[in-house]
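# Tertiary structure, described
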Amino acid sequence: MEQSFIMIKPDGVQRGLIGEIISRFEKKGFYLKGLKMVTVEKSFAEKHYEDLSAKPFFAGLVDYIVSGPVVAMVWEGKGVVLTGRKIIGATNPAESAPGTIRGDYAIVVGRNVIHGSDSVESARKEIALWFPEGISAWQSNAHSWIYE
Ligand SMILES: Nc1ncnc2c1ncn2[C@@H]1O[C@H](COP(=O)(O)OP(=O)(O)OP(=O)(O)O)[C@@H](O)[C@H]1O
């Protein structure tokens, strides 16, 4: 089934939003297949955001991501990449709808609390980068109560 890489950024960790964020994905019916708290090196953050290396905010973005621990997660479910992006909300919290994570918990784009893969292909790459050790193979017993 489809998987997405979701990361609670250092501001989300510092502000005590881990439980709230996990809860939103969990209550939706997605399955948590990977979870770890990690403080990454600059080179690792640069690799994760390599597509943005030409952007003027790149250096600030990398400093932000390495500024404290992040919570790296793999969530699984039908359409989790697109639906995950909807749960997260628009990149700039000024434009994120209320009810989304960024709409409810963030104000500026440079402190937008959470990352979510933007396609199935980037999810695959990001999961390989963040979880080279692999992820859990557990299956939920609630499956037939979530899917028909
Ligand atoms: N103009 C900006 N100024 C500062 N930081 C920015 C700006 N635009 C984007 N960012 C940061 O870079 C991250 C990646 O930007 P991108 O355009 O890929 O958005 P996104 O895909 O919604 O975000 P993410 O990859 O974190 O889920 C944003 O989440 C934000 O933290």
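Residues numbered from 1 in each chain as written. Predicted model: local features only at pLDDT ≥ 70, side-chain atom pairs only at ≥ 80, totals over all residues. Heavy atoms only, no water.

Where we set the bar: UniProt positions are given in the numbering used here, feature names are shortened, and annotations may be inferred rather than shown by experiment.
Looking at an unreviewed UniProt entry, one finds the protein chain named Nucleoside diphosphate kinase and attributed to Iris pallida. In its Sequence similarities (unreviewed entry) section, UniProt records this for the protein chain: "Belongs to the NDK family." Of the protein chain, the UniProt comment under Cofactor (unreviewed entry) reads exactly: "Mg(2+)".

## As for the site of the ligand
To keep things clear, this is the line we draw: We call a residue near a molecule or strand as soon as one heavy atom of that residue lies within 4 Å of the molecule or strand. Side-chain atoms alone can form a polar contact between residues adjacent in sequence; in general such a contact is a pair of N or O atoms within 3.5 Å, and within protein one must be able to donate a hydrogen while the other accepts it. In these tables, accessible area is a Shrake-Rupley quantity obtained with a 1.4 Å probe, and a residue counts as shielded only by the protein chains included in the view. Put simply, Ala, Val, Leu, Ile, Met, Phe, Trp, Tyr, Cys and Pro go in the nonpolar bin, Asp, Glu, Lys and Arg in the charged bin, and everything else, Gly too, in the polar bin.
Lining the immediate environment of the ligand, one finds 13 residues, of which Lys-9, Arg-85, Thr-91, Asn-112 and His-115 sit closest. Within the side chain of Arg-102, one N or O atom sits 3.4 Å away from an oxygen atom of the ligand. Within the backbone of Gly-116, one N or O atom sits 3.2 Å away from an oxygen atom of the ligand. Taking 580 Å² as the accessible area of the ligand by itself, protein coverage stands at 75%. Counted by class, the shell around the ligand contains five nonpolar, five polar and three charged residues.

## Overview of the sheet that holds strand S1 (residues 3-8)
Operational definition: The rule for pairing is simple: two strands pair if DSSP sees at least two bridges between them. Numbering goes from the N terminus for both helices and strands, where a helix is a DSSP run of H or I of at least four residues and a strand is a run of E of at least two. Axis definition: a line fitted to C-alpha atoms, limited for helices to the stretch in contact. Angles are taken between N-to-C directions and run from 0 to 180 degrees. By definition in these notes, contact holds between two residues if any of their heavy atoms fall within 4.5 Å.
Reading across from one edge, S2-S3-S1-S4 is the order of the four strands in this open sheet, with antiparallel pairing throughout. Lying at the two open borders of the sheet, with one neighbouring strand each, are strand S2 (31-38) and strand S4 (114-116). Across the sheet, the mean angle from the axis of one strand to that of its neighbour is 15°, orientation sign disregarded. The strands touched by helix H2 (residues 18-28) within the sheet are S1, S2, strand S3 (70-76) and S4, with S3 carrying the most contacts at an inclination of about 5°.

## Brief notes about helix H7 (residues 120-130)
Rules: Here's how the labels work: a residue is buried when its accessible area is under 20% of the maximum for its type, exposed when over 50%, partly exposed in between, all with a 1.4 Å probe on protein chains only. What the arc covers is the set of directions going from the helix axis to the C-beta atoms.
By the burial criterion, the buried members of H7 are Ser-122, Ala-123, Glu-126, Ile-127 and Trp-130. Taken around the axis of H7, the buried residues stretch over an arc of 135°, which confines them to a single face. Contacts made by the buried residues of H7 are with S1, S2, helix H3 (42-48), S3, helix H5 (80-88) and S4.

## Notes on the UniProt feature "active site" (unreviewed entry) in the protein chain
UniProt records the feature "active site" (unreviewed entry) at His-115, using the numbering of this structure. Mapped onto the elements of the fold, His-115 is located in strand S4. Apart from the residues within four sequence positions on either side, His-115 is in contact with Phe-5, Ile-6, Met-7, Lys-9, His-48, Tyr-49, Ile-88, Arg-102 and Glu-126.

## Points about the UniProt feature "domain: Nucleoside diphosphate kinase-like" (unreviewed entry) in the protein chain
Mapped onto this numbering, the UniProt entry annotates "domain: Nucleoside diphosphate kinase-like" (unreviewed entry) at residues 1-137. Between the C-alpha atoms that bound residues 1-137 the distance is 12 Å, and the span itself is 41% helix and 18% strand.

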